[in-house]
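# Examining the three-dimensional arrangement
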Amino acid sequence: MAALGKATITCPGCSEPLELTLRLDSNAKAGPGEIVLKVDRSIVDKHLAAAHSEPAGS
């Protein structure tokens, strides 16, 4: 399914921006007039698997 949008978050450890892809979640139960978005976490999982700075205060 095509992406509905993108959102950028920042890693709290290394301050690298990570772009998340938002897609419609066709398996979720939504009420009347509601839509449910699913975040593709693959970029976050790849980033966390790589060596980078730990969050401040850890």
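A brief structural summary. (Residues numbered from 1 in each chain as written. Predicted model: local features only at pLDDT ≥ 70, side-chain atom pairs only at ≥ 80, totals over all residues. Heavy atoms only, no water.)

## As for the sheet that holds strand β3 (residues 37-40)
Put simply, the test is: Any two strands with at least two DSSP-identified bridges between them are counted as paired. Secondary structure counts use DSSP, requiring at least four H or I residues in a row for a helix and at least two E residues in a row for a strand, with both numbered from the N terminus. Only the stretch in contact is used when fitting a helix axis, every axis being a line fitted to C-alpha atoms; angles between N-to-C directions are given from 0 to 180 degrees. Contacts were defined at the residue level, with two residues in contact if any of their heavy atoms lie within 4.5 Å.
Here 3 strands make up an open sheet; going across it, the order is β1-β2-β3 and the pairing antiparallel. The outermost strands of the open sheet, each flanked by one partner alone, are β1 (5-10) and β3. Each neighbouring strand pair of the sheet contributes to a mean axis angle of 35 degrees, computed without reference to strand direction. Where β1 meets strand β2 (residues 17-24), 6 bridges bridge the pair, whose relative direction is antiparallel. Paired with Thr8 across the bridge in β2 is Glu19. Against the sheet, helix α1 (residues 42-49) makes contact with β1, β2 and β3, and its axis sits at roughly 150 degrees relative to β2, the strand it touches most.

## Some words on unusual backbone geometry
Across residues other than glycine, the phi torsion is negative in most instances, and most of the peptide bonds are trans. Its identity is not glycine, yet Ser15 carries a phi of approximately 65 degrees, on the positive side. Note on placement: Ser15 falls in the loop between β1 and β2.

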